[in-house]
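Spelled out, the chains give:
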Amino acid sequence: MFFMQKSNVMFRDYESFGYITDNRNFGYKKADNDKDDIGDKILSESGAVFLSALDKKPKNINEIAKKIKKKYTDIDIRIIKKDASDFYNMLEHDGFIVSGKTANECKEKDWKFSYKKYEPKVVNVDDSNGIIHVTKSTQDFLGEFFNDEPQLTSIHLEITSKCNERCIHCYIPHERKCNNINPDFVYTILKQCRDMNLLHVTISGGEPLLHENFCDFLRKCKEYDFSVNVLSNLTLLNDQIIKEMKAYPLLCVQVSLYSMNSKIHDSITQIDGSYEKTKKSIMKLIENDIPLQISCPILKQNKNSYKDVENWANKHNIHVGSDYLIIGRFDHTVQNLNNRLSISEVKGVINDLIVNDPEYIRKMESEVENKKNTSENDFVCNICHSSICISDIGNVYPCAGWQDYVVGDANKTPLKEIWNNSEKIKYLRNLRRKDFPKCIQCSEKEFCTMCMVRNANENPKGDPLSVNEFYCNVVKLNKEMITGWKRTTN
C-alpha cells in the first residue's frame, strides 16, 4: 500500500506535537469546491513522527515503516506497519492524505484544482487511537502552547518594486519603483521562515514577473512546502512560468482586471494593450487549471463597467473581488485619491450590492452581530499578530501599503528577532480599541472595520491613530442603507 500527503496540505513538526492544515486560511473561494474545507488538526508527538514519514510523493508502507522504525527501535516493525496504516487511513478520511495500491493510484486520488470538476465532500471521523488530540480546539491548543504569543504564519514578500504598468490608483508612487530584490536575500528570508514554521508566502511587487529569478523563488517555496499566492498583472506570463505554476501547485494567482472595455482598463493601467495581454493570460491560467482570483478595484473610471468584469468572471467560474475603497499613497501624497469614488458614488455601489448580492446583507448582519461582543480592550486589527511584509530592499513593515512604518531591517537583523523584539511591533500589538476613543463612542462602530494603514497613509504625519473621516462617512452610509433596506423589506 502507498500513502502520501495531499498536495494542498501542510505539516509542521514542533517536536512535542505536530500541526497539519490545508491552506484555507490564506486562499480565496475555490472554483471547484462546495465550501467544505478540510480544516486543521493537532497531532500528538507520536502522530507527528508518523506523518513526518510521509511527503508529497507516494511511499510504500514498507519504506515508511522502516523510517518510523529509526525513531522507535524497540517496536516490532509489523506493529509499526499496522499502527501507521490505521493512522493514515484515519487521516485519509479526514482529507489530509491519500492512499493507493500503486503509486499512480495514489497520485490520481490527490487533490487537483480544476475549473471543471468538483472535489468530493470530506467525511470527518473521530480519532480512536489517541494519536490526535481532541480535548481542545486547534486554536485553543496552539494559543495555550505558545502562551498566546503571536506566531508568524504568513509573509508578504515584494520581490521587486519595478512595474510595467502605471496604475493611477496605486499606493506606491511610480518614482519609487526602481529596485529588484537580491536573490540570496530571498533565499535567506525563506530559510528563516521555514525555521519559524511559517505556512504561507504571498509573492508580489511591483510586478513580480519582472524579476528574472521568479521561477527560482517558486521552486524554493515548493522545497519548503509553503502555501503561495502570487499577485501579478500577468502581462508577462509565458509558458515557462505557467509550467512552474502548475508544478507547484499555487494556492492562487491574483490579478486586477478593471473593465471588459479595453479603453477603460488601459486608461487605468496607463499602458496601451494591457487589457488584451491580461485577459489572454487569464484564459491561459484557466486552460491550465491554475487557481485564480480577479481583483476589480472600483474607481471613477470604471464605476459603470465593473459589473461586466464580475459577470464575465462568474461565467468562467472565477472568484472576483470588487473594492470601492482605495487607500492613499504610503508617502502621504494623495494624488491617487482623485480617482476614488465620492460618497454619493459609493452609495450607488452599495445599493447595487444590496439589490444584486443576497450574501451582502447576510454577511453584514453577521459581522455586526459579532462586533456587538467586542470590548475596548480588544485588538484593533491582526497586523503583526500572524503576518508581516518585507520590501524589495529588506525593510519590514506591518502590512501591504504601510511601507513608511518600518519595523525592522531584515538585511541586518534576523526576521525572528524583528518579530519578537521590534519596539514598533510591540507598540502596534499593544494598541487596543480604547486607544481610539472616538471610535469606541461611535454609534456606527458595529458596521466599521478599523484600519490603521488607511489612517496613516492619508494623514500628513503618518499618524495611524488619526481617524480618517472619509471612511467614517462610508460606514455611516452603509448602516443607513442596510437598515433602511431591511425596514422596507420587512
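Draft legend 1. Main features of the packing of aromatic side chains. This structure, assessed with the given rule, holds 15 aromatic pairs. Judged by centre distance (5.0 Å) and plane angle (75°), the rings of phenylalanine 17 and phenylalanine 141 are edge-to-face. Separated by 124 residues along the polypeptide, phenylalanine 17 in strand E3 (residues 17-22) and phenylalanine 141 in helix H5 (residues 138-145) bring together distant segments of the chain. Both residues of the pair, phenylalanine 17 and phenylalanine 141, count as buried. Centre to centre, the rings of tryptophan 111 and phenylalanine 113 are 6.5 Å apart; their planes meet at 55°, and the pair counts as tilted. One aromatic cluster in this structure is built from Tyr14, Phe17, Phe141, Phe145 and Phe146. The side chain of arginine 340 reaches across the aromatic face of phenylalanine 470, ending 3.8 Å from its centre.

Draft legend 2. Here's a closer look at the sheet that holds strand E12 (residues 319-323). Taken in spatial order, the 9 strands of this open sheet run E12-E11-E10-E9-E8-E7-E13-E14-E15, and their pairing is mixed. The sheet is open, and its two borders are formed by E12 and strand E15 (408-409), each paired with just one other strand.

Draft legend 3. Here's a closer look at the pattern of salt bridges. Overall, the coordinates contain 19 salt bridges when judged by the stated rule. Arginine 78 is paired through a salt bridge with aspartate 76; the nearest N and O atoms lie 3.1 Å apart. Residues lysine 82 and aspartate 86 are paired through a salt bridge, measuring 3.0 Å at the closest nitrogen-oxygen approach. Highlighted residues: lysine 82 and aspartate 86, both in helix H3 (residues 77-94), separated by 4 residues, approximately one helical turn. Aspartate 86 gets classed as partly exposed once you look at its relative accessible area, which sits at 36%.

Draft legend 4. Seen up close, the layout of surface pockets. Reported here for the second largest pocket is a volume of approximately 1,100 Å³. When residues of the lining of the second largest pocket are traced back to their parent elements, those giving at least two are H5, helix H14 (415-421) and helix H15 (423-430). Classifying every residue of the lining of the second largest pocket by side-chain character gives 11 nonpolar, 13 polar and 7 charged.

Draft legend 5. Fine view of unusual backbone geometry. Here the bond from glycine 205 into glycine 206 is cis, since omega is 20°, no more than 30 degrees from zero. Here glycine 206 is to be found in the loop between strand E8 (200-204) and helix H7 (214-223). Phi is positive for asparagine 317, close to 65°, though the residue is something other than glycine. Locating asparagine 317 in the fold gives a position in the loop between helix H11 (306-315) and E12. Positive phi, normally seen in glycine, also occurs at histidine 332, with a value near 75°. With respect to the helices, strands and loops of the structure, histidine 332 is situated in the loop between E12 and helix H12 (343-356).

Draft legend 6. Expanded view of the environment of valine 475. Note that valine 475 resides in helix H18 (residues 469-489). Separated by 26 residues in the primary sequence, valine 475 and threonine 449 place their C-alpha atoms 8.7 Å from one another. When residues no more than four places from it in sequence are discounted, the contact partners of valine 475 are Glu444, Phe447 and Cys448.

Draft legend 7. Representation of helix H13 (residues 358-371) within the structure. Between its terminal C-alpha atoms H13 stretches 21 Å, which fits the 20 Å expected from 14 residues at 1.5 Å a residue. All buried positions along H13 are accounted for by Tyr360, Ile361, Met364, Val368 and Lys371. Looking straight down H13, one finds its buried side chains confined to an arc of 100°; they lie on one side. Counted as exposed and oriented over 90 degrees from the buried face of H13: Pro358 and Asn370.

Cut-offs and rules
Residues numbered from 1 in each chain as written. Predicted model: local features only at pLDDT ≥ 70, side-chain atom pairs only at ≥ 80, totals over all residues. Heavy atoms only, no water. Phe/Tyr/Trp six-rings, centres within 6.5 Å; stacked < 30°, edge-to-face > 60°. Helix = DSSP H or I, 4+ residues; strand = E, 2+ residues; numbered from the N terminus. Buried < 20%, exposed > 50% of the residue type's maximum accessible area, 1.4 Å probe, protein only. Lys NZ or Arg CZ within 6 Å of the ring centre and 35° of its normal. Pairing = 2+ DSSP bridges. Salt bridge = Lys/Arg side-chain N within 4 Å of Asp/Glu carboxyl O. 1 Å grid on protein atoms, 1.4 Å probe; cavity = no way out; pocket = protein on both sides within 12 Å on 5 of 7 lines; lining within 4 Å. Points joined across faces, edges and corners; volume = space filled by probe spheres on them. Nonpolar A, V, L, I, M, F, W, Y, C, P; charged D, E, K, R; others polar. Contact = heavy atoms within 4.5 Å. Expected span 1.5 Å × (residues − 1). Arc of directions from axis to C-beta.

Take it as geometry only, folks, not as evidence of what the structure does.
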